[in-house]
Amino acid sequence: MRFDTKIAIVVRPDLATWQKLNVTAFLAGAVAGAYPETIGEPYADASDNGYLPLFRQPVLVYAADDLRPVREKAVAKGVGTAVFIEEMFKTGHDADNRAAVRAVAADDLALVGLAVYGPRNLVDKLLKGLSLHP
């Protein structure tokens, strides 16, 4: 099935594995929280155990050493964008995370990950030249 929207996450490849997974999870949560239409129906197994719903479409994860150009283009095009900066590894909760981002000008954000969600063709253009994370 081909979707007319795309969920993409871009992480810096030099992060520790736990950091990449943490960043990806937080950024995926941002898309789910902002765009409830991205979430499918709850799951159930044959024993009637219920499970939480998942995204209704794939989430593609890319790698990039410099995330600034992607952030700049995404914001300029009005695409839904979430950011994760280095300082957030030192915080313990959402309020501190938001304060860490708020304290830094856009051009100075120490980006380690970002998520974008929007029309498939537009997101593809924003990510042109990036490779899927290995």
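Just so we're clear, the structure is a prediction, and the values are computed from it rather than from any experiment.

Thresholds applied
Residues numbered from 1 in each chain as written. Predicted model: local features only at pLDDT ≥ 70, side-chain atom pairs only at ≥ 80, totals over all residues. Heavy atoms only, no water. Core = buried A, V, L, I, M, F, W, Y, C linked by side-chain atoms within 4.5 Å. Buried < 20%, exposed > 50% of the residue type's maximum accessible area, 1.4 Å probe, protein only. Helix = DSSP H or I, 4+ residues; strand = E, 2+ residues; numbered from the N terminus. Contact = heavy atoms within 4.5 Å. Phe/Tyr/Trp six-rings, centres within 6.5 Å; stacked < 30°, edge-to-face > 60°. Salt bridge = Lys/Arg side-chain N within 4 Å of Asp/Glu carboxyl O. Pairing = 2+ DSSP bridges.

Peer 1: Looking at this structure, how should I read the nonpolar core?
Peer 2: Considering soluble globular proteins, one finds that nonpolar side chains tend to be buried as a cluster. Residues Val10, Val23, Leu27, Leu114, Val116 and Leu127 are the most contacted members of the largest nonpolar core, which totals 31 residues. Within the residue set of this core, elements represented by two or more residues are β1 (5–11), α1 (17–34), α2 (68–77), β5 (80–85), β6 (111–119) and α4 (120–126). Looking at which element gives the most residues to this core, the answer is β6, with six residues. Residues in contact with Val10, not counting those within four places in the same chain, are Tyr62, Ala63, Ala64, Leu67, Val112, Gly113, Leu114, Leu127 and Leu130.

Peer 1: Mind showing me how you'd approach unusual backbone geometry here?
Peer 2: With the exception of glycine, most residues fall at negative phi, and the peptide bonds are largely trans. The phi angle at Asp48 is positive, at roughly 70°, despite the residue not being glycine. Topologically, Asp48 is positioned in the loop between β2 (43–44) and β3 (50–51). For Asp48, a relative accessible area of 71% gives the class exposed.

Peer 1: In this structure, what is going on with the packing of aromatic side chains? I would like to understand it.
Peer 2: We describe a pair of aromatic rings using the distance from one ring centre to the other and the angle between the two ring planes. Within this structure, the stated rule accounts for four aromatic pairs. Their ring planes at 65° and their centres at 5.7 Å tell us that Trp18 and Phe89 sit as a pair that is edge-to-face. Of this pair, Trp18 sits in helix α1 while Phe89 sits in the loop between β5 and α3 (94–102); the two residues are 71 residues apart in sequence, bridging distant segments of the chain. Exposure remark for Phe89: the relative accessible area of 23% places this residue in the partly exposed category. Aromatic side chains Tyr35 and Tyr117 sit 4.6 Å apart centroid to centroid with 45° between the ring planes, which places their arrangement in the tilted category. Residue Tyr35 is found in the loop between α1 and β2, and its partner Tyr117 is found in strand β6; the two are separated by 82 residues along the sequence.

Peer 1: Would you take a moment to explain the pattern of salt bridges for this structure?
Peer 2: Pairs can form between side chains of opposite charge whenever their charged atoms are close. Inspection of every chain in the model, using the stated rule, returns six salt bridges. Asp107 is the partner of Arg71 in a salt bridge, and the nearest nitrogen-oxygen pair spans 4.0 Å. Highlighted residues: Arg71 in helix α2 and Asp107 in the loop between α3 and β6, separated in sequence by 36 residues. Residue classification places Arg71 among the buried residues on the basis of a relative accessible area of 10%. With its nearest N and O atoms 3.0 Å apart, the salt bridge here joins Arg98 to Asp94. Of the two residues, Arg98 and Asp94 both sit in helix α3, four residues apart, roughly one turn of that helix.

Peer 1: Just to check I follow, could you spell out the environment of Arg68 for this structure?
Peer 2: As for its placement among the helices and strands, Arg68 is situated in helix α2. Remark: the alpha-carbon pair of Arg68 and Glu87, spanning 19 residues in sequence, is separated by 16 Å. Look past the residues within four positions of Arg68 in its chain and what remains in contact with it is Asp107 and Leu111.

Peer 1: Is there a simple way to think about the pairing of β1 in this case?
Peer 2: Within a regular beta strand, the side chains point alternately toward one face of the sheet and then the other, so they alternate between its two faces. Most of β1 sits inside the fold, with seven of its seven residues counted as buried. Side chains of β1 alternate between two faces, with Thr5, Ile7, Ile9 and Val11 and Lys6, Ala8 and Val10 buried alike. Pairing geometry for β1 and β6, over seven bridges, is antiparallel. Counterpart to Thr5 in the pairing with β6 is Pro119. With five bridges connecting them, β1 and strand β4 (residues 59–63) associate as parallel partners. Bridge pairing links Ile9 to Val61 in β4.

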